[in-house]
Amino acid sequence: QVHLVESGGGLVQAGGSLRLSCAASGSFFSIENMGWYRQAPGEKRELVAIISRRGTTNVVDSVKGRFTISRDNAKNTVYLQMNSLKPEDTAIYYCNADILTSGLMNYWGQGTQVTVSS
């Protein structure tokens with residue numbers, strides 16, 4: 001079985017920074033796309049950033065220039081560096097990955113709370 005374990009969430013004041021981490025564990029051949037999603041209260045879950053196995057990245061316009069996604073394939077880990085945080089960034093952040101086992105399957109982490117105070 002494959003598991004995604006997240007860490008790094010917490011409470012921060014507006015303008016501050018946090019770095020989220022998500023490590024994949026279990027039995028698998030490879031990890032393809034990895035990404036971060038977030039869901040604020042009363043809102044739909046939305047894509048924040050995604051990175052391919054080769055390192056191609058894409059981030060949504062609302063976080064461009066503030067958030068950076070990266071990965072360490074040797075550690076099976078994806079990161080989200082969040083700078084200049086705003087109260088509207090407050091949400092539960094979820095790690096997501098396409099992982100090749102006997103076939104290509106999609107996995108979600110448990111989510112980690114990020115709260116930005118004004």
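Before reading on, note that the structure itself is shown above.
Keep in mind that what you see is a predicted model, and the values were worked out from it rather than measured.

### Examining the pattern of salt bridges
Part 1 of the argument: Per the counting criterion, the structure on display carries five salt bridges.
Part 2 of the argument: One salt bridge in this structure joins D89 and R38, with 3.0 Å as the shortest N-O distance. In this pair, D89 is assigned in the loop between β8 (77–82) and β9 (91–100) and R38 in strand β4 (residues 30–39), connecting sequence segments 51 residues apart. Just as D89 is buried, R38 falls in that class too.
Part 3 of the argument: A salt bridge links D89 to R66; its shortest N-O distance comes to 2.8 Å. With D89 in the loop between β8 and β9 and R66 in the loop between β6 (57–59) and β7 (67–72), the pair connects residues that are 23 residues apart, well separated along the chain.
Part 4 of the argument: Note on R66: relative accessible area 10%, which makes it buried.

### Examining the nonpolar core
Part 1 of the argument: One finds W36, L80, M82 and Y93 to be the most contacted residues of the largest nonpolar core, which totals 31 residues.
Part 2 of the argument: Of all the secondary structure elements, the ones that give two or more residues to this core are β1 (2–7), β3 (18–26), β4, β5 (46–51), β7, β8, β9 and β11 (112–117).
Part 3 of the argument: Of the residues forming this core, the biggest block, five residues, is contributed by β9.
Part 4 of the argument: Beyond its immediate chain neighbours, meaning those up to four positions away, Y93 contacts E6, L20, W36, Y37, R38, V48, F67, L80, M82, G111, T112 and V114.

### Quick look at the sheet that holds β1
Part 1 of the argument: Read across the sheet, four strands follow the order β1-β3-β8-β7 without closing on themselves; strand pairing throughout is antiparallel. Looking along the sheet, the strands with just one partner apiece sit at the ends: β1 and β7. Across the sheet, the mean angle from the axis of one strand to that of its neighbour is 15 degrees, orientation sign disregarded.
Part 2 of the argument: Taken together, the six bridges between β7 and β8 define a ladder with antiparallel strand orientation. Considered in β8, the bridge of F67 is made with M82.

What counts, and where the lines are drawn
Residues numbered from 1 in each chain as written. Predicted model: local features only at pLDDT ≥ 70, side-chain atom pairs only at ≥ 80, totals over all residues. Heavy atoms only, no water. Salt bridge = Lys/Arg side-chain N within 4 Å of Asp/Glu carboxyl O. Helix = DSSP H or I, 4+ residues; strand = E, 2+ residues; numbered from the N terminus. Buried < 20%, exposed > 50% of the residue type's maximum accessible area, 1.4 Å probe, protein only. Core = buried A, V, L, I, M, F, W, Y, C linked by side-chain atoms within 4.5 Å. Contact = heavy atoms within 4.5 Å. Pairing = 2+ DSSP bridges. Axes fitted to C-alpha atoms, helices over the stretch in contact; angles between N-to-C directions.

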